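One letter stands for each residue in the lines below.
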Amino acid sequence: MLDYSLLKITPELKITLEEYGFTTDRDLLYYLEQYKYYTNKELTEFVKSFGNDDVRCCDYEEDYSDRAYPTVELRYDVVVKESSEDVEVLYDCTSDINKISVEMDLNCLKPITYKSLTPYSFCKIQGKSMKPLEPMDVFRRLMIEAVNRKATDVHFDVAHYRDGVEYPVSFRIDNKLERVSLFDITKELNKSMIGSLVEKKTSTNAIDLLDAGGVETSASGIVGDDITLRITANSVSGGYHYVIRMQKPSTVSFRINQLGFQKEVEDALTNVSELRSGITFITGAVRTGKNTTGFALVNEMIDKELKIVSYESPIEVWMPFSQVDYQGNADILLNSVRLAKKQDVNIAYINELPNKDVAFAVQDLANSSIHVITTTHVDRVWHLPYKLREYYGDDYKDVISQINAVFNQKMYVKMCPHCQERILVDSIENVKITEFLKNRGTEIVPVSTGCKFCNHTGIVVGGNRPYAEFVIFTNDIKRKLLRCESPAAMEEVLREAVKGKALEDYVYDAVVRGEVSYTSLSLLME
């Protein structure tokens, strides 16, 4: 259910709501969507005009999963179906938030579309014109929806098709993009939303900035005082592309044994937490939990009477030590890192190395008996030498002796344990996955087919599980790497170091146990 505490119901808003006869949360939602031009009474009359003969409503607790016809769950308790030659459309409208199931006809062969009957859709059906939407109200409504769906990012895109241009909006939830359709975003709305947002943060015309090469900025107070929006935007063909990262610092941080890693990784991280100098790299793609792992590592050091400082953009978790939010400004980060020695820092946590200057400053800290923990984006452990050359140029080998370890992780969605069955590996369409599994002697793997426990998705919602590979930079490993003439040669050394305990080994074991889908292996296929 939507968290209406984010909507900031002021006395003025309450008066406005009463003026329009709005008495329910659903009405309030209409108001904030700027679709307050038709009352619930009008909508109710519209619903009644359809009648209920075309739709049979059932108790939502009844299980229809074994029936031959499709079942869909809707949130509202009045449903209307309209038909045309090519499509079936369901509309729903109510003030109460209840779930029902809508049983469709067995012989329904036409595509079916489900829509909420809001004043907006009512207006469209009646062919009536809408008053102009307020761009920031539309934007704020989308952000509120993102918060309540636990999205981490909101993507505003421009998509070209043969019959025209669309402006889709998607939420990243559990590391997957999901299309949302609260509003029909037009070209004008696509432009005015980002224009209004950026102009609040700059004194220059927003569109000029966007057209000139893009904007990176942040905004707060739009959907709650504790949520910061990190904005990146630029001009693309047909409009503007922008991504909004939802950032609400958590008050919860984990210890190493709470992350869900395999035992070998936990033990290696625990051992590294005892070190007081050098550089520890935590690597992986975006949204794979690198910072969560980094802070778990730091959590093992908090009670050791050490001076700890973190340098972040953004701050993701409030911690019991000083935290620098450098707000994407590399110069602020560089100056702050350079102060670390004078401030008697023992442990420095940096959530990304943005450029060469910061990388060299980090190396200087490591040479000064400070343990630096930092994250960076590389796909596998053995890609680290290429990143080091990018940071340090021809001097990239000099930093090898300062490295403690590199941990590389990926995040996978857990399979639902309640609806698993086993399939033949030969039936898998991905040839590479089939060959990989058969080469390891596996002929049958579990799959989740969907049930009421997982909302018929086959996955555990919010049940992400991390897996990691790692290399501890022992003296032997360092000697082998220093003898290499190129990053490519170093890659072979690191590949050999993780042989038998690479990500594909751990993920394969998880696939056989039924923890993650065999499709997870596709992320590891080279």
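Residues numbered from 1 in each chain as written. Predicted model: local features only at pLDDT ≥ 70, side-chain atom pairs only at ≥ 80, totals over all residues. Heavy atoms only, no water.

Side note on the nonpolar core
Grouped together as the largest cluster of nonpolar side chains are 42 residues, with contacts concentrated most on Tyr311, Leu388 and Phe473. Looking at this core, the element that brings in the most residues is helix H11 (residues 356-366), giving six residues. Excluding residues that lie within four positions of it along the chain, Tyr311 makes contacts with Val324, Tyr326, Leu333, Ser336, Val337, Ala340, Val345, Ala348, Tyr349, Ile350 and Asn351. Counting 35 residues, the second largest nonpolar core, distinct from the first, contains Ile173, Leu210, Leu229 and Ala233. (Core = buried A, V, L, I, M, F, W, Y, C linked by side-chain atoms within 4.5 Å. Buried < 20%, exposed > 50% of the residue type's maximum accessible area, 1.4 Å probe, protein only. Helix = DSSP H or I, 4+ residues; strand = E, 2+ residues; numbered from the N terminus. Contact = heavy atoms within 4.5 Å.)

Structural notes on helix H5 (residues 135-148)
Between its first and last C-alpha, H5 extends 20 Å over 14 residues, near the 20 Å set by a 1.5 Å rise per residue. Among the 14 residues in H5, ten count as buried, and that is most of the element. Listed in full, the buried residues belonging to H5 are Pro135, Val138, Phe139, Arg140, Arg141, Leu142, Met143, Ile144, Glu145 and Ala146. Downstream of H5 by a residue or two, Lys150 has a phi angle that is positive, lying close to 60°. (Expected span 1.5 Å × (residues − 1).)

Concerning the packing of aromatic side chains
Summed over the entire model, instances satisfying the criterion amount to eight aromatic pairs. Geometrically, the ring pair formed by Phe360 and Tyr392 is edge-to-face, given 5.0 Å between the ring centres and 85° between the ring planes. Taken together, the residues Phe360 in helix H11 and Tyr392 in helix H12 (residues 384-392) connect sequence positions 32 residues apart. You can call Tyr392 buried: its relative accessible area is 3%. Ring geometry for Phe407 and Phe470: centres 5.7 Å apart, planes at 25°, overall stacked. Note that Phe407 is positioned in strand E20 (residues 403-415) and Phe470 in strand E23 (residues 459-472), a separation of 63 residues in sequence. Each residue in the set Phe139, Phe156 and Tyr242 is aromatic and connected to the rest through ring pairs, giving one cluster. Positioned over the ring face of Tyr508 is Arg440, at 5.1 Å from the centre of the ring. (Phe/Tyr/Trp six-rings, centres within 6.5 Å; stacked < 30°, edge-to-face > 60°. Lys NZ or Arg CZ within 6 Å of the ring centre and 35° of its normal.)

Points about the pattern of salt bridges
Between side chains of opposite charge, pairing is possible as soon as their charged atoms come close. Within the structure shown, the criterion is met by 17 salt bridges. For Arg245, the salt bridge identified is with Asp153, shortest N-O distance 3.0 Å. Placement of Arg245 in strand E14 (residues 239-247) and of Asp153 in strand E7 (residues 153-156) is noted, with a sequence separation of 92 residues between them. According to the relative accessible area criterion, Asp153 is buried, its value standing at 4%. One network of salt bridges, in which partners are shared, links Arg380, Glu469 and Glu504. (Salt bridge = Lys/Arg side-chain N within 4 Å of Asp/Glu carboxyl O.)

Examining the environment of Phe254
Mapped onto the secondary structure, Phe254 falls in the loop between E14 and helix H8 (263-272). Residues Phe254 and Ala296 lie 42 residues apart in sequence; the distance between their C-alpha atoms is 5.2 Å. Here Phe254 is in contact with Leu259, Thr292, Phe295, Ala296 and Asn299, once residues within four sequence places are set aside.

Examining the environment of Glu491
Positionally, Glu491 belongs in helix H15 (residues 487-497). Spatially, the C-alpha atom of Glu491 lies 8.5 Å from that of Val381, the residues being 110 residues apart in sequence. The contacts of Glu491, once residues within four sequence positions are left out, are Trp382, Pro385 and Tyr386.

Observations concerning the packing of helix H14 (residues 475-482) against H15
A pair of packed helices can be characterised by two numbers: the angle between their axes and the separation between those axes. Running from amino to carboxyl end, H14 crosses H15 at an angle of 155°, the nearest separation of the two axes being 9 Å. Put simply, H14 runs roughly antiparallel to H15. Crossing hand, H14 versus H15: right-handed. Mapping the contact onto sequence places Ile477, Lys480 and Leu481 in H14 and Met490, Val493, Leu494 and Ala497 in H15. (Axes fitted to C-alpha atoms, helices over the stretch in contact; angles between N-to-C directions. Parallel < 35°, antiparallel > 145°, perpendicular 65-115°, else oblique. Left-handed = near helix turned anticlockwise from the far one by under 90°.)

Function-wise, these values are silent; they only describe arrangement.
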